[in-house]
Amino acid sequence: MGAVKTKRMPRAVREQQMLDAAVRIFGQRGYMAASMDEIAELAGVSKPLVYLYLNSKEDLFTACIRREAAALTEAVRAGVRPGLPADRQLWDGLRAFFAHTAEHPDGWSVLHLQARTHGEPFAAEVAAMRAEIVAFVTRLVAVAAREAHRDPDLPEHEVAGLAEALVGAAESLAAWANATPGTTARQAAATLMNFAWAGLGNLMRGRMWTPPAEPA
């Protein structure tokens, strides 16, 4: 058996081929268990070529995180149509999020499980993506809430906290949906809307829950 023979193709195409293989191996086997030999074999290239293009296992994993994070963020943004009511925008964004994570389970595993558990700088890459999505949701909730209240000074920390809670719930629900056969993106989005929008809807109408008074 000789070295893997590869057809000549543009570097960018070959690199994406390697990233496809790496995402699959990292997502299914985990970062520590994944080997460059497996990735090269799945990509149909030699291991030295993987190192030539992507330098090291760490750099390859970072490239996978960045690509999958950009794809997820773009999918959510593309799914939301400006000008619709806030609940429709949130619904469309959630459907896009759950559809993407369902269609790319290995990519979601890389982002949600692997990158977060293997230290810096991997966790920082995912944190940057998450911060962008939280900021996007924060703006969506803030505009709707301030319009409903006719109050341009609605506290930013209130809105930001809601966005953090919503994104965290979506992340956990995506992991559950991918592990639960038969769960569709529409069902997952509807579950979260039913859980979250009742509270957000009350906020829009000025009906906020307040904790009971502390005993004297």
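From a predicted model like this one, the values you see are computed outputs, not experimental measurements. Every chain is numbered on its own, with residues counted from 1 as its sequence reads. Only residues with pLDDT of at least 70 get local features here, since the model is predicted, and only at 80 or more are side-chain atom pairs given and counted; chain-wide, interface and lining totals rely on the full set of residues. Side-chain numbers come from the whole structure's heavy atoms, not from hydrogens or water.

### Points about the nonpolar core
Okay, so step 1: Ranked by internal contacts, the top residues of the largest apolar core, which has 59 residues, are Phe-26, Leu-60 and Phe-98.
Okay, so step 2: Residue contacts for Phe-98: discarding those within four places in its chain leaves Ala-170, Leu-173, Ala-174, Ala-185, Ala-188, Ala-189 and Leu-192. Note on terminology: a nonpolar core comprises buried Ala, Val, Leu, Ile, Met, Phe, Trp, Tyr and Cys residues joined through side-chain atoms within 4.5 Å. Each residue is placed in one exposure class: buried if its accessible area under a 1.4 Å probe, protein chains only, is under 20% of its type's maximum, exposed if it is over 50%, and partly exposed if it falls in between. The contact criterion used is simple: two residues touch if any of their non-hydrogen atoms lie within 4.5 Å.

### Considering the environment of Trp-91
Okay, so step 1: Secondary structure elements are defined from DSSP: runs of H or I of at least 4 residues count as helices, runs of E of at least 2 residues count as strands, and each element is numbered from the N terminus. Mapped onto the fold, Trp-91 is located in helix α5 (residues 86-103).
Okay, so step 2: Accessibility expressed as a relative area gives 16% for Trp-91, which makes it buried.
Okay, so step 3: The contacts of Trp-91, once residues within four sequence positions are left out, are Arg-186, Ala-189, Ala-190 and Met-193.

### Quick word on the side chain of Thr-138
Okay, so step 1: Mapped onto the fold, Thr-138 is located in helix α7 (residues 122-149).
Okay, so step 2: Contacts of Thr-138, omitting those with residues within four sequence positions, involve Glu-156, Val-159, Ala-160 and Ala-163.

### Topic: the packing of helix α1 (residues 11-29) against helix α4 (residues 57-79)
Helix-helix packing is described using two parameters, namely the angle between the two axes and the distance between the axes.
Okay, so step 1: Interaxial distance between α1 and α4 falls to 10 Å at its minimum, and their mutual angle equals 95°. Accordingly, the angle class assigned to the pair α1 and α4 is roughly perpendicular. Between α1 and α4, the residues in contact are Gln-16, Leu-19, Asp-20, Ala-22, Val-23 and Phe-26 and Lys-57, Leu-60, Phe-61, Ala-63, Cys-64, Arg-67 and Glu-68, respectively.
Okay, so step 2: Looking at the contact of α1 with α4 residue by residue, the class counts come to eight nonpolar, one polar and four charged. Axes, fitted as lines to C-alpha atoms, cover a helix only where it is in contact. Angles between the N-to-C directions of the axes lie from 0 to 180 degrees. Angle categories: roughly parallel below 35 degrees, roughly antiparallel above 145, roughly perpendicular from 65 to 115, and oblique for all the rest. Note on residue classes: Ala, Val, Leu, Ile, Met, Phe, Trp, Tyr, Cys and Pro are nonpolar, Asp, Glu, Lys and Arg are charged, and everything else, Gly too, is polar.

### A look at the packing of aromatic side chains
Okay, so step 1: We call Phe, Tyr and Trp rings a pair once their centres come within 6.5 Å, taking the six-membered ring for Trp, and we label the pair stacked below 30 degrees between planes, edge-to-face above 60, and tilted otherwise. Enumeration over the complete set of coordinates arrives at seven aromatic pairs.
Okay, so step 2: Ring plane angle 65° and centroid distance 4.8 Å describe the contact between Phe-26 and Phe-61, whose orientation is recorded as edge-to-face. Separated by 35 residues along the polypeptide, Phe-26 in helix α1 and Phe-61 in helix α4 bring together distant segments of the chain.
Okay, so step 3: Taking the relative accessible area as the measure of exposure, Phe-26 reaches 0% and is therefore buried.
Okay, so step 4: Geometrically, the ring pair formed by Phe-97 and Trp-108 is edge-to-face, given 5.5 Å between the ring centres and 85° between the ring planes. Of this pair, Phe-97 sits in helix α5 while Trp-108 sits in helix α6 (residues 105-114), and the two are 11 residues apart along the sequence.

### Digging into the pattern of salt bridges
Between side chains of opposite charge, a pair can form when the charged atoms approach closely.
Okay, so step 1: Whenever Lys or Arg places a side-chain nitrogen within 4 Å of a carboxyl oxygen from Asp or Glu, that contact is recorded as a salt bridge. Inspection of every chain in the model, using the stated rule, returns 12 salt bridges.
Okay, so step 2: A salt bridge links Glu-68 to Arg-67, with the nearest nitrogen and oxygen atoms 3.1 Å apart.
Okay, so step 3: Ionic pairing is found between Asp-92 and Arg-88, a salt bridge with its closest N-O pair at 3.9 Å. Taken together, the residues span about one helical turn, with Asp-92 and Arg-88 both in helix α5 at a distance of four residues.
Okay, so step 4: Counted as one network, the salt bridges with shared partners bring together Arg-116, Arg-130, Glu-164 and Glu-171.

### Observations regarding α1
Okay, so step 1: Take the number of residues in a helix, subtract one, and multiply by 1.5 Å to get its expected span. Compared with an ideal rise of 1.5 Å per residue, which puts 19 residues at 27 Å, α1 spans 26 Å between its outermost C-alpha atoms and is within 8% of the ideal.
Okay, so step 2: Within the sequence span of α1, burial applies to Arg-14, Met-18, Leu-19, Ala-21, Ala-22, Val-23, Ile-25, Phe-26 and Gly-27.
Okay, so step 3: Each element contacted by the buried residues of α1 is listed here: α2 (36-43), α3 (47-54), α4 and α6.
Okay, so step 4: Just downstream of α1 lies Gly-30, where phi reads positive at about 95°.

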